[in-house]
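# Notes for the structure review
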Amino acid sequence: MINAKIPKFKSLVPLKETEINHLLWPPKFSSLPLALQHYINSDTPIHGQKIHSYILKAGYKPNTNICIKLMILHLKSSCLFYARQMFDEMRQPTLSAYNYMISGYVKHGFVLESFDMVRKLCLSGETPDAYTLSMILKGSTSSYAELYFPCIGQPVHARIFKCVVEGDDVLYTALVDSYVKSGRVDYARRVFDLMLEKDVVCSTSLITGYMNQGYIEDAEDVFSRTTEKDVVVFNAMIEGYSKQVENAKKAIEVYIDMQRLGFRPNISTSASIIGACSALAEFEISQQVQGQLMKTELIEHVKIGSALIDMYSKCGLVEDARRVFNYMPEKNVFSWTSMIDGYGKNGYPNEALELFSIMQIDHLIVPNYVTFLSALSACAHSGLVAKGREIFESMERDYSMKPRTEHYACMVDILGRSGSLNQALEFVINMTERPDSDVWAALLSSCRLHGDVELANLAANELFKLSSDSRPGAYVALSNALADAGRWDGVSELRKIMKIRGISKGTGFSWVGGDSSLKAFFAGQQI
C-alpha cells in the first residue's frame with residue numbers, strides 16, 4: 001500500500017574539482033568499502049554517488065557489503081528511489097539491509113512503504129529484531145499509519161511478551177510512545193513500570209500522555225520519579241499545567257524551579273508559560289518573561305510574538321498586544337489571527353476587520369479557518385450582517401476552503417443577533433452538512449434574545465435530539481425564553497423533564513485575581 005509517490009530525485013550534478021577527494025578517487029575495487037564509508041560519514045554524502053556511477057560504468061558487480069553501503073549512501077542523500085533499487089538488486093538481503101530500508105522509509109515519511117518492507121522481511125524467513133520493531137512503532141504514530149493500523153502497538157508488545165524478541169530501552173521507549181499517541185496511557189504505564197532504567201525521553205512521553213487526558217496527579221508522579229531531568233520534561237509539565245486555569249499557577253512554579261536548577265528556557269518553555277499567564281490573566285509575570293526574552297534572540301521568534309499577543313489580548317491590554325504585533329520582525333497567519341481575535345473579543349470589531357483586510361490585500365497572507373472564525377465573530381458583535389455574509393462566502397469562493405460547522409454557527413449568530421431569525425433558520429435548513437449542536441445553540445440563543453418562543457422551542461428540540469444531557473445551558477435558555485413570554489406552564493414542564501433526566505445547571509462563579517493567585521468565587525459567597 002502506497003501513501004505517496006516516491007520521487008526519483010534529480011540527476012547528479014557533475015562534481016567540481018574541489019569536491020573530489022583525490023586520495024579516494026578513482027577508487028580501487030578493494031578500497032570501495034572504505035571510500036563509501038568516507039562519504040557516508042561526511043556532511044555531503046550525495047557526492048559519494050559518483051562512486052556508484054563509477055561501479056556501473058566499470059561493470060563491477062558489488063557484493064552484499066558494498067550494496068548495503070551504497071543503499072545507506074542513497075538513504076543519507078534522501079534518494080529513496082535509488083536506495084530501493086540497490087536493495088532489490090541484492091539476491092538475499094540481510095536483516096540489516098531490511099532495517100536500513102525500513103528506517104529510511106519511516107524517517108522520510110513513507111510509513112506504509114516501511115510496513116510493506118516489514119511484510120517482505122517476514123515472508124523472506126528473517127525474524128524482525130528489536131530495532132525493526134522500534135521502527136514499526138515509530139512509524140505507527142504517523143497520521144497515515146493511524147488510519148490503517150490504529151493499534152499496532154499491541155501485536156508488537158505481544159511479540160516482546162512471548163520472548164520472540166528481547167526488548168531493550170529503545171524498544172520499550174518506542175512502545176510507550178506508541179501507546180501514548182494512540183490514547184492508551186494505561187498500557188503505556190504498564191510498560192513504563194516494567195522498565196529497569198527509565199530514561200527522560202520515556203518519562204516525557206508518558207507525562208505528555210497523562211497531561212493530555214487530564215491525569216495531573218499521575219503526570220506529577222512520573223515527573224517526581226524522573227531522576228535525570230532535562231528542559232523537555234520540564235516543558236511537558238509546564239505545557240500540561242497551562243492548559244487548565246486551575247493548574248496554571250503550577251506551571252509558573254515549575255518554570256521558576258527549572259531555572260533555579262540551572263535549566264535555560266527555550267522557545268517551547270516560553271510559549272507555554274506565556275499561555276499559562278494568559279489563562280491566569282497574570283500579565284505582570286508575562287512582562288517579566290518578556291523582559292527575560294528581550295535579552296535573548298528568542299524574542300524575535302514568531303511563536304513567542306504570537307503568544308504575547310494572545311496573552312495581552314486576554315488580559316484586555318489590546319494596545320500592548322498591538323505594540324508587540326507591530327514590532328515583530330516576522331509575522332505568519334497565526335500572528336495576524338491572534339491580533340484579529342484580540343481586537344474582536346475586546347470590543348474593537350472595526351479594527352479587527354480592518355486588520356483582516358490588510359492581511360489579505362497588503363501582505364497577501366492566506367487566512368486559515370481560525371482567522372475566518374475570528375473575523376465572523378467580529379461581524380457578529382458589530383452587527384455587520386452583509387460583511388459577515390461576504391466573508392463567509394469568500395472562504396469557498398476565493399480560497400477553496402469549505403466552511404466548517406463552527407463557521408455556520410457563527411453565521412447563524414450574525415443573522416440571529418440582527419433579528420433576522422427567519423433568515424437564520426433558512427440558512428440552517430440549507431446547510432450542506434447536518435447542523436450540529438453549536439449551530440442550533442446559536443439559533444436558540446438568538447431566539448431567546450428576541451423573544452421568539454416558537455422558534456426557540458424548535459431549535460431546542462433539535463438540540464436535545466443531538467445532545468439531550470450534555471447542554472444544560474440549552475434547557476436554561478429555553479426556560480428563560482418561556483418565562484419571558486409568560487408561559488409558566490411550559491417552564492414547569494421543562495423543569496420536570498430536567499429533573500427526570502438528571503440535568504442541572506452548573507453553579508456560576510467568577511475568577512477573582514489576588515496578589516498571589518486566581519480564585520473562584522461562587523454566587524452568595526463572601527469574599
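Residues numbered from 1 in each chain as written. Predicted model: local features only at pLDDT ≥ 70, side-chain atom pairs only at ≥ 80, totals over all residues. Heavy atoms only, no water.

For residues with low pLDDT, the predicted coordinates do not support detailed interpretation. On average, residues of the chain carry a pLDDT of 81, and 77% of them reach 70 or more. Every residue in residues 8-20 is under pLDDT 50, and counting partners more than four places away or in other chains gives 18 contacts. (pLDDT = per-residue confidence, 0-100. Contact = heavy atoms within 4.5 Å.)

Let's shift gears to helix H21 (residues 349-361). Residues separated by three or four positions in an α-helix point in the same direction, a consequence of the helix having 3.6 residues per turn. With 13 residues, H21 should cover 18 Å at 1.5 Å per step; its first-to-last C-alpha distance of 18 Å lies within 8% of that length. Here H21 has its buried residues at Pro349, Ala352, Leu353, Leu355, Phe356, Met359 and Gln360. Around the axis of H21, the buried residues are gathered within 160° of arc, so they sit on the same side. Facing away from the buried side of H21 by over 90 degrees, the exposed positions are Asn350 and Ile361. Taken together, the buried residues of H21 touch helix H19 (318-327), helix H20 (333-345), helix H22 (369-382) and helix H23 (385-399). (Helix = DSSP H or I, 4+ residues; strand = E, 2+ residues; numbered from the N terminus. Expected span 1.5 Å × (residues − 1). Buried < 20%, exposed > 50% of the residue type's maximum accessible area, 1.4 Å probe, protein only. Arc of directions from axis to C-beta.)

Turning next to the side chain of Ser374. As for its placement among the helices and strands, Ser374 is situated in helix H22. Residue classification places Ser374 among the buried residues on the basis of a relative accessible area of 5%. Separated by 3.2 Å, the side chains of Ser374 and Asp341 make a polar contact. For Ser374, the residues in contact, after removing those within four places along its chain, are Thr337, Ile340 and Asp341. (Polar contact = N/O pair within 3.5 Å; in protein donor to acceptor, adjacent residues only side chain to side chain.)

Right, let's talk about the pattern of salt bridges for a bit. On inspection of all chains with the given rule, the structure shows 16 salt bridges. Close ionic contact of Asp221 with Arg225 constitutes a salt bridge, the shortest N to O distance being 3.3 Å. Pair noted here: Asp221 and Arg225 are both in helix H13 (residues 216-225), with a separation of four residues, about one helical turn. Look at Arg225 and you get exposed, because its relative accessible area is 56%. We note a salt bridge from Asp257 to Arg260, for which the minimum N-O separation is 3.8 Å. In this pair, Asp257 and Arg260 both sit in helix H15 (residues 248-260), three residues apart, roughly one turn of the helix. Look at Arg260 and you get exposed, because its relative accessible area is 69%. (Salt bridge = Lys/Arg side-chain N within 4 Å of Asp/Glu carboxyl O.)

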